[in-house]
Amino acid sequence: MEISGHIGKFFDAHEQVKTAAAEQKKNPPKGKSLKAQALDNIFQEMELERQATELRELLIYGVDPALGAVWSRFQDEFERLQAEQEQERLAQEAKERVVAWQRRKMLNQLQDRALLIAGVAIVFIYLHLMFLAIRQMRIAKWGF
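Residues numbered from 1 in each chain as written. Predicted model: local features only at pLDDT ≥ 70, side-chain atom pairs only at ≥ 80, totals over all residues. Heavy atoms only, no water.

Draft legend 1. Broad picture of the overall build of the chain. Across its full length, the chain carries three helices and zero strands. Sequence-ordered secondary structure for the chain, helices as α and strands as β, is α-α-α. In terms of overall dimensions, the chain is more spread out than a globule: its C-alpha atoms have a radius of gyration of 35 Å, far above the 15 Å expected for 144 residues. Here the C-alpha coordinates of the chain stretch approximately 115 × 45 × 20 Å along the principal axes. Across the 144 residues that make up the chain, the buried fraction comes to 8%. A total accessible area of about 12500 Å² is found for the chain, and carbon and sulfur atoms account for 63% of it. Positive and negative side-chain charges of the chain, numbering 21 and 20 respectively, have mean locations separated by a distance of 21 Å. (Helix = DSSP H or I, 4+ residues; strand = E, 2+ residues; numbered from the N terminus. Rg over C-alpha atoms; globule rule 2.2 N^0.38 Å. Buried < 20%, exposed > 50% of the residue type's maximum accessible area, 1.4 Å probe, protein only. Areas by Shrake-Rupley, 256 points an atom, 1.4 Å probe, with all protein chains shown as cover. Lys, Arg positive; Asp, Glu negative; His and termini not counted. Charge placed at Lys NZ, Arg CZ, Asp CG, Glu CD.)

Draft legend 2. Layout of the pattern of salt bridges. On inspection of all chains with the given rule, the structure shows six salt bridges. The partner of Glu-77 in a salt bridge is Arg-80, with the nearest N and O atoms 2.4 Å apart. Linking Glu-77 with Arg-80, this pair stays in helix H3 (residues 70–142), spanning three residues, or about one helical turn. What makes Arg-80 partly exposed here is its relative accessible area of 38%. Linking Glu-84 and Arg-80 is a salt bridge whose minimum nitrogen-to-oxygen distance equals 2.3 Å. Pair noted here: Glu-84 and Arg-80 are both in helix H3, with a separation of four residues, about one helical turn. Members of the salt-bridge network, linked through shared partners, are Glu-47, Arg-50 and Glu-54. (Salt bridge = Lys/Arg side-chain N within 4 Å of Asp/Glu carboxyl O.)

Draft legend 3. Representation of helix H2 (residues 34–62). Along its 29 residues, H2 runs 41 Å from first to last C-alpha, staying within 8% of the 42 Å computed at 1.5 Å per residue. All of the buried residues along H2 are Gln-37, Asn-41, Leu-48, Leu-55 and Leu-59. (Expected span 1.5 Å × (residues − 1).)

Draft legend 4. A look at the environment of Lys-9. Mapping Lys-9 onto the fold places it in helix H1 (residues 2–26). What makes Lys-9 exposed here is its relative accessible area of 61%.

Draft legend 5. Region of interest: the nonpolar core. One finds Ile-7, Phe-10, Leu-55, Leu-59 and Trp-71 forming the largest nonpolar core, which totals five residues. Within the residue set of this core, elements represented by two or more residues are H1 and H2. Beyond its immediate chain neighbours, meaning those up to four positions away, Trp-71 contacts Arg-56, Leu-59 and Ile-60. (Core = buried A, V, L, I, M, F, W, Y, C linked by side-chain atoms within 4.5 Å. Contact = heavy atoms within 4.5 Å.)

Draft legend 6. Looking closely at a nonpolar patch on the surface. Where nonpolar side chains cluster on the molecular surface, the patch consists of Val-123, Tyr-126, Leu-127, Met-130, Phe-131, Ile-134 and Met-137 and spans about 710 Å² of accessible area. Topologically, Tyr-126 is positioned in helix H3. Looking at Tyr-126, the relative accessible area reads 56%, which means it is exposed. (Patch = residues over 30% accessible without salt bridge, like charges linked within 9 Å, V, L, I, M, F, W, Y side chains within 5 Å.)

What follows is the structure, encoded as structure tokens:
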């Protein structure tokens, strides 16, 4: 349990460093040149790889044999959790696409209704003005 606590902290820190590196790639600092950023990124990646290798070797060679194949079991569990997380992410994206589609559909229906109402109003006004013009011509021609 003590080992798993320390390893868990390592992986949490590992994920934080990865997240910070990804964020730095998205929004690079303004004061650094591209070469300096590239060098920093490479050193960060190399350090993460070195630490992960050390941890893997510790779990393979340094753990009590009574615990069994800790690294392979860890890898299996990690892959399972990654697959679950990916499925959840895909499901969330699908839900967001459905919500966006429903929103677009509703807006299109509102646009269609507005155009229909505007068309009917234009035809109504046109007919009303046409009847008014006919009445004016009738009054001018026949006097009633």
